[in-house]
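# Observations on the model geometry
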Amino acid sequence: LDIIKNFNEYIIQFMGIILLCLLLTPNIAMISGTICSILVSIMYQNNIYILLFLFFSTCTTTFSCYRIYKRSDLVKSGNIIGAVNIVVIISIGILTDVASPTWYLYNGIIGFTNGFLCSMISFAFLPYFEGLFKITTSLGLLETANLNHPLLKKLMLNAPGTYQHSLMVANLSEAAAEAIGADVILTRIGAYFHDIGKMKRPIFFSENQFSTGNPHDNLSPRMSKIIISAHPKDGVEMAQKHKLPQVLQDFMMEHHGTSLVSFFFDVAKQSQDDESHESLKEDFRYPGPKPRSKESGILMLADATEAAIRSIDKPTLPKIENLIEKVFLLKITDNQLDQSGLSLNDIRSIKLTFLTIFQSIYHSRLDYEEELNKIIDQTKSKYNED
């Protein structure tokens, strides 16, 4: 009984499962692999042992390729698949009373080679399938994750405040994505690039206004709103020039959703009648769309929270906790997260994650100057007594 005598057919099946896992979802890969296993076993006179071999290998391939974020993970998956193939082959040999060591050796080597080669071949074909079907995988995103990317280096030089803001938002977003089981790599890289559009007019954003005056002082509220709300679209234009994936462009457009540009709205409504405030409010919103994924929803919350806490004078933990609560409540009541897929439990976990991170940043510190003055005073008093 040669379990894997049709070596090429099995390589193609396992390679297809790996590619489906990476390009689509593990569920689709599992269903497709199971169906193929049944059909192949039927082709070979309803051979139950071939069905068992293919089914267990399909399960192993699917679970070992779940959430692969780097090339070494794919190599490990190939080794795991090969090792499980050997175990299944030995089990089938024992069930069928095979006594020949040569049979175990031959099929074991072929089984391990099958798993090892299918991971290597899948990695080689992956870029072609990504380009053909316009699908962005975690492995593909890692190519843009380097902080030496031209856009990020330009952001660091032209808008250093925005660059530091993006790094902090990336840390918040990554921790929150991990807490709720979202795509960690996608969330972090989306946070890196979400504000690159501010490079076009960096001085108009408060985090880049160091010693210079505020240019909005010489503009009308409507003109200021137009400039501020244009940075998502400007970012998409830059992303297209640098051929960033569509999913990152979506992050740029969605991270503000249709939120209100509240500061300039408050300035504008002072010169308007109370009856016209609602219609005026629609004129002072970002163009959207609202976040359409969990990862994009996390980015919206992280971006708004970091910007709000950055504006606090002498932040303390009670102030930070109250502000996080206000930011989250505002986004929920403004229906900005309706399309994101985030549940109330997810939002609660995100809130706790943010609070934990900010607690570690703004924890109480010893006032060294005050303590030094106390020591000096004590020394002086002791000297005077002597």
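Before reading on, note that the structure itself is shown above.
Residues numbered from 1 in each chain as written. Predicted model: local features only at pLDDT ≥ 70, side-chain atom pairs only at ≥ 80, totals over all residues. Heavy atoms only, no water.

Right, let's talk about helix H2 (residues 26-43) for a bit. Its 18 residues place the ends of H2 26 Å apart at the C-alpha level, agreeing with the 26 Å of an ideal helix rising 1.5 Å per residue. Following H2 by one or two positions, Gln45 has its phi on the positive side, about 55°. (Helix = DSSP H or I, 4+ residues; strand = E, 2+ residues; numbered from the N terminus. Expected span 1.5 Å × (residues − 1).)

This part covers the packing of aromatic side chains. Aromatic rings considered in pairs are described by the distance between their centres and by the relative angle of their planes. Scanning the entire structure with this criterion turns up seven aromatic pairs. A ring pair is formed by Trp103 and Tyr104, whose centres lie 5.1 Å apart and whose planes are at 85°; its orientation type is edge-to-face. Looking at Trp103, the relative accessible area reads 9%, which means it is buried. With a centroid separation of 5.2 Å and an interplanar angle of 85°, the aromatic rings of Phe263 and Phe264 are classed as edge-to-face. The exposure class assigned to Phe263 is exposed, which follows from its relative accessible area of 56%. (Phe/Tyr/Trp six-rings, centres within 6.5 Å; stacked < 30°, edge-to-face > 60°. Buried < 20%, exposed > 50% of the residue type's maximum accessible area, 1.4 Å probe, protein only.)

The grouping of Ile31, Ile35, Ile38, Leu39 and Ile42 at the surface amounts to a nonpolar patch, some 460 Å² of accessible area in total. We classify Ile38 as partly exposed; its relative accessible area is 40%. (Patch = residues over 30% accessible without salt bridge, like charges linked within 9 Å, V, L, I, M, F, W, Y side chains within 5 Å. Areas by Shrake-Rupley, 256 points an atom, 1.4 Å probe, with all protein chains shown as cover. Salt bridge = Lys/Arg side-chain N within 4 Å of Asp/Glu carboxyl O.)

What follows covers the pattern of salt bridges. Taken as a whole and judged by the stated rule, the model has 13 salt bridges. Where Glu282 meets Arg285, a salt bridge forms, and the shortest distance between an N and an O atom there is 3.6 Å. In this structure, Asp334 and Arg285 form a salt bridge, with 3.1 Å as the shortest nitrogen-oxygen distance. Residue Asp334 is located in the loop between helix H16 (317-333) and helix H17 (344-361), and its partner Arg285 is located in the loop between helix H14 (277-283) and helix H15 (294-310); the two are separated by 49 residues in the primary sequence. In this structure, a network of salt bridges that share partners links the residues Asp195, Lys198 and Glu207.

Turning next to the packing of helix H8 (residues 160-180) against helix H9 (residues 184-193). Following both chains from N to C, one finds H8 and H9 inclined at 165°, their axes separated by 8 Å at the closest point. Judged by the angle between their axes, H8 and H9 are roughly antiparallel. Here H8 and H9 pass one another in a crossing that is right-handed. From H8, Ser166, Leu167, Val169, Ala170, Asn171, Ser173, Glu174, Ala177 and Glu178 reach across to H9, where they touch Val184, Thr187, Arg188, Ala191 and Tyr192. Of the residues belonging to the contact of H8 with H9, the class tally is seven nonpolar, four polar and three charged. (Axes fitted to C-alpha atoms, helices over the stretch in contact; angles between N-to-C directions. Parallel < 35°, antiparallel > 145°, perpendicular 65-115°, else oblique. Left-handed = near helix turned anticlockwise from the far one by under 90°. Contact = heavy atoms within 4.5 Å. Nonpolar A, V, L, I, M, F, W, Y, C, P; charged D, E, K, R; others polar.)

Looking now at the environment of Ser91. Here Ser91 lies in helix H4 (residues 71-95). Owing to a relative accessible area of 35%, Ser91 belongs among the partly exposed residues under this scheme. Along the primary structure Ser91 and Phe53 are separated by 38 residues, whereas in three dimensions their C-alpha atoms are 9.7 Å apart.

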